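Below, each chain spelled out in residue letters.
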Amino acid sequence: MIKRFVVETLRYYGPPLQWPFLSFEAIAGVARNVHHPVFRGQNIRYGDGKPLLLVPGHLAGDLTLVPLAMWLRAIGYRPTQLDVTINWDDRLLDKSLAAALPDVARRVGRKAVIIAFGTGVRTALRVAAVEQGLVSDVIALGLPDQLPPIPKGVRLHVVGRMCLKPNVLGELRIVEGSEILLHINPKALQVLSEILRQIPISLLERDENEVRGRSRRETSSLDTPRSQS
Amino acid sequence: MMTQRASVNGASIAFDVRGSGPPLVLIMGYRLNSSAWPVEFVEGLAERFTLVLFDNRGTGLSDKPTSGYALSNMAGDVLGLMDHLGIAQSNVFGYSMGGAIAQELVCRHPKRVSSLVLFATLCGGPAAAYASPTVMRVMHNLEGMTPAEAARQIWTVTYESGYLAANRDKIERQMQLEIENPTPLHAADLQFQALVDFDSSKALPGVRARTLVVTGDRDELIPPRNSEAIAGLIPGAHLIVLRGRGHRAIWEAPAQCMALVAGFLDGREDFDDAAKGNAIRMAL
């Protein structure tokens, strides 16, 4: 496990000599982009309330993804974080994701979209393989070295740098910038919003009945008049 | 309760036709279905007009598909319903989101609209003034609530506060009507998304239909500035501001609103007298 941790850390962050440079790059990137119009929702199309699950990458956690979660909520989605302090081994996230997924999907009555970073993509694909009825799409921001198979019926969208493996199955969108800062990279967020907007709503089976006009009465507490005007 | 159905524009739309006289299509707002129209308002109009009442896609007894909620497409539903009923041209009344659908209809099919009433609505784009973040939080933070709990929370921003305090029982009865056929979450989300995407500001100067724009001066959800913007964009539009009324002005003062709308559609110049001094006719 320690070997795996070291290998993943070196893969993502390079040798320790590079870390001061990476830290500087991160700070400079945040300072440069903090006033970017994307963060104010400019030129971002509004969402359809999809349930989203956010899976952090290597050595990241809920805290890292708070800005992304706030931004996604502001542009019309329903993001949920996994209660992960730090992801130091993606296999340990499976349980959290598997526990959160049914609740998130059933509360909204739709299949969820998992947004995963780096090694978190492996977690997303493993759990999606078990819960195919609850996941419509996985959006990968950055990719790990090895990927589990893409589950049947689940679409994979990949956002990342040019060095992405070209043989990855799924839609590939290239953005420039540091892979470990994709969650606050304005271009990546723009692309993410475009992907989310294109993903059609997939109702859970029990909610398919709602599509026809003469369906049964509503039962879910969430499927209620939220706002009436 | 809607009694008939028509397959139009790829969806089954529930509708009803009442009254007699020139046709008047009523288009309901976000998330509500046609059973929400105040009885006094509808019955009063039905004495002078042939009313076409229908459930927007996603609401009431109409289909609730997972696509097709762009307001231009929902205007296509209205057009399809008019075709189905053999109505070549009609008066059109749109409330809130229904007003946005009415704008799409008149901009895309100007010959099909004889007169237009836009009530408590907006035109989107740069001219739009959206609700404050506090109001939006009230509208959005409803997860886990029952339909009744959610509706009670929403009251606080849709009804005028004084009216709400004095008429809780009446509003409660109205709410029970409205939640009988609740709108599923996916339909509400897609309607909201369509409303955010909506922008008719560039097309409105081309509207030639006789137009009345009405708003309550205490509308917190769609601030009155939106109606001022619409009336400023449509040539010759009349703007009426109802004093002391909120977003739900039609429910707060159904008789006054009915008289105002009927007077305007009848072509009377003094149509705002119907509001008995509670309406301010704004000079544009």
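Report on the accompanying structure. (Residues numbered from 1 in each chain as written. Chains lettered and ligands numbered in written order. Predicted model: local features only at pLDDT ≥ 70, side-chain atom pairs only at ≥ 80, totals over all residues. Heavy atoms only, no water.)

**Brief notes about the side chain of R122(A)**
Then, in step 1: Note that R122(A) resides in helix α5 (residues 120-130).
Then, in step 2: In this structure R122(A) touches R4(A), E8(A), D90(A), P144(A), D145(A), Q146(A), L147(A) and P148(A), once residues within four positions along its chain are discounted. (Helix = DSSP H or I, 4+ residues; strand = E, 2+ residues; numbered from the N terminus. Contact = heavy atoms within 4.5 Å.)

**A word on the pattern of salt bridges**
Residue and element names in this part refer to chain A.
Then, in step 1: One pass over the full model with this rule turns up 22 salt bridges over all chains.
Then, in step 2: For R107, the salt bridge goes to D103, with nearest N and O atoms at 3.8 Å. Placement of the pair is R107 and D103 together in helix α4 (residues 94-108), with a separation of four residues, close to one helical turn. (Salt bridge = Lys/Arg side-chain N within 4 Å of Asp/Glu carboxyl O.)

**Points about unusual backbone geometry**
Excluding glycine, residues mostly carry a negative phi; peptide bonds, for their part, are mostly trans.
Then, in step 1: Even without being glycine, N43(A) reaches a positive phi, approximately 60 degrees.
Then, in step 2: Along the chain, N43(A) falls in the loop between α2 (19-33) and β1 (51-55).
Then, in step 3: The phi dihedral of A120(B) falls on the positive side, at around 50 degrees, and the residue is not glycine.
Then, in step 4: For A120(B), the location among the structural elements is in the loop between β6 (113-119) and α4 (133-140).

**Here's the deal with the packing of helix α1 (residues 39-46) of chain B against helix α11 (residues 254-265) of chain B**
All names here are of chain B.
Then, in step 1: Relative to each other, α1 and α11 sit at 30 degrees, their axes nearing to 8 Å. Comparing their axes, α11 and α1 come out roughly parallel. Along this stretch, α1 crosses α11, giving a crossing that reads as right-handed. Of α11, the residues touching α1 (which contributes E40, F41, G44 and L45) are P254, A255, C257, M258, V261 and A262.
Then, in step 2: For the contact of α1 with α11, the per-class residue count stands at eight nonpolar, one polar and one charged. (Axes fitted to C-alpha atoms, helices over the stretch in contact; angles between N-to-C directions. Parallel < 35°, antiparallel > 145°, perpendicular 65-115°, else oblique. Left-handed = near helix turned anticlockwise from the far one by under 90°. Nonpolar A, V, L, I, M, F, W, Y, C, P; charged D, E, K, R; others polar.)

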